[in-house]
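Structure assessment
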Amino acid sequence: MQENRFDQNKQTMEGKEAPGAAEEAVQDQAPEVPELPELDPAKELAAAEAKAAENYDLYVRAVAEADNVRRRAAEDVAKARKFSIEKFAEAMLPVVDSMEKALEACANEQGPLKEGLEMTYRQLKSALENNGMKEENPVGLKFDPNTMQAITMVKDPAVQSGCVAQVFQRGWKIADRVLRPAMVAVAQ
């Protein structure tokens, strides 16, 4: 039985290479390590600093853009609050004009109807003024094409040339924005 083991070991050894030879073959087949390029720390530092500066610049720009968006949004909200009544106010101006014409028509009358008209007119004007609207009556002022619309030119020795001699329809402003220009006659 011992012979069989010996024979088996011998056969096994013959099929295999000697232990020292296997190690040499593994060492010969080891992959070669490629040579690394020489690193220049000064160049790497300069590149890293340039990248850091670029990223900082992008950061500063992003923060500035965010601030601008925030500021514009706040301005838009303020304008929306300031001018939110504009369309309603434009619709109310003909009502004010009609009330003024009604008061002119009943100027010589007395009674509760006239008193009611006057009180309603005062309340309407007060409501408009409380919501940021101002009435413009430019009689005697220098003509301003931004806030007035010249309908005609008249000769009036009592009024200086280039000034408003007569107002046909008063103008209105809402928060310093012209809602309706005054229709005027300008002195020559």
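For the structure given in this document, a descriptive report is provided here. All values reported here derive from a predicted model rather than from experimental measurement.

Describing the overall build of the protein chain
Within the protein chain one finds 5 helices and 6 strands. Buried positions account for 20% of the 188 residues belonging to the protein chain. Within the protein chain, counting contacts between residues at least 6 apart in sequence, those at least 24 apart form 62% of the total. Surface exposure of the protein chain reaches about 14800 Å², of which carbon and sulfur atoms provide 54%.

Regarding helix 4 (residues 86-105)
Given 3.6 residues per helical turn, the α-helix brings residues three or four places apart onto the same face. Across its 20 residues, helix 4 extends 29 Å between first and last C-alpha, which sits within 8% of the 28 Å expected from 1.5 Å per residue. In helix 4, a bend of some 25° at Met 92 exceeds every other bend along the element, and Pro 94, a proline, comes one to four places later. Burial in helix 4 covers these residues: Glu 86, Ala 89, Met 92, Leu 93, Val 96, Asp 97, Met 99, Glu 100 and Leu 103. Where helix 4 is buried, its residues touch helix 3 (41-83), helix 5 (112-130), strand 1 (133-136), strand 3 (164-169), strand 4 (171-174) and strand 5 (177-180).

Section: the nonpolar core
Counting residues in each nonpolar core, the largest one holds 17 residues, and the members touching the most others are Val 96, Leu 128, Met 133, Trp 172, Ile 174 and Leu 179. Mapped onto this core, the elements with two or more residues apiece are helix 4, helix 5 and strand 4. What Ile 174 contacts, discounting residues up to four positions off in sequence, is Lys 82, Phe 83, Ile 85, Glu 86, Gly 132, Met 133 and Leu 179. Residues Val 164, Ala 182, Val 184 and Val 186 belong to the second largest nonpolar core, which totals 5 residues.

Brief notes about the pairing of strand 6 (residues 182-187)
Taken across its 6 residues, strand 6 has 5 buried, putting it largely inside the fold. Two strands pair when backbone bridges link them, and strand 2 (residues 148-154) and strand 6 are joined in this way by 6 bridges, in the parallel orientation. Within strand 6, the position partnered with Val 154 by the bridge is Ala 187.

Let's talk about a nonpolar patch on the surface
There is a patch of nonpolar side chains on the surface, built from Tyr 56, Tyr 59, Val 60 and Val 63 and spanning about 400 Å² of accessible area. Tracing the sequence through the fold places Tyr 56 in helix 3.

Notes on the sheet that holds strand 1
Read from one edge of the open sheet, 3 strands run 1-4-5, paired in antiparallel fashion. Every other strand in the sheet has two partners, leaving strand 1 and strand 5 as the edge strands with one partner each. With strand direction ignored, the average angle separating the axes of adjacent strands in the sheet is 35°. Two strands pair when backbone bridges link them, and strand 1 and strand 4 are joined in this way by 4 bridges, in the antiparallel orientation. For Glu 135, the partnering residue across the bridge sits in strand 4 and is Trp 172. Seen against the sheet, helix 4 touches strand 1, strand 4 and strand 5 and runs at an angle of roughly 50° to strand 5.

Each value, and the rule that gives it
What you see as residue numbers is a count from 1 along each chain, following the sequence as written. In keeping with the model being predicted, local features are shown solely for residues with a pLDDT of at least 70 and side-chain atom pairs are shown and tallied solely at 80 or more, while totals for entire chains, interfaces and linings include all residues. Hydrogens and water are ignored here; the side-chain numbers use all heavy atoms of the structure. In this description a helix means any DSSP run of H or I spanning at least four residues, a strand means any run of E spanning at least two, and both kinds are numbered starting from the N terminus. The buried label goes to any residue with under 20% of its type's maximum accessible area, the exposed label to any with over 50%, and the partly exposed label to all in between, with areas taken from a 1.4 Å probe on protein chains only. Here, two residues are considered to be in contact whenever any of their heavy atoms come within 4.5 Å of each other. Per-residue accessibility takes into account occlusion by the displayed protein chains alone, with areas from the Shrake-Rupley method and a 1.4 Å probe. Here a helix's expected span is defined as the number of its residues, less one, multiplied by 1.5 Å. Here the bend at each residue means the angle between axes fitted to two seven-residue stretches, the one ending at that residue and the one beginning there. Here the nonpolar core consists of buried residues drawn from Ala, Val, Leu, Ile, Met, Phe, Trp, Tyr and Cys, with membership extended through side-chain atoms lying within 4.5 Å. Two strands pair under a simple rule: DSSP has to find at least two bridges between them. Patch membership requires over 30% relative accessible area and the absence of a salt bridge. Like charges are linked within 9 Å, and nonpolar side chains (Val, Leu, Ile, Met, Phe, Trp, Tyr) within 5 Å. What counts as a salt bridge is simple: a side-chain nitrogen of Lys or Arg found within 4 Å of a carboxyl oxygen of Asp or Glu. For helices, the axis comes from a line fit to the C-alpha atoms of the stretch in contact; other axes are also lines fit to C-alpha atoms, and the angle between any two N-to-C directions lies between 0 and 180 degrees.

Any link to function would need more than the numbers given here.
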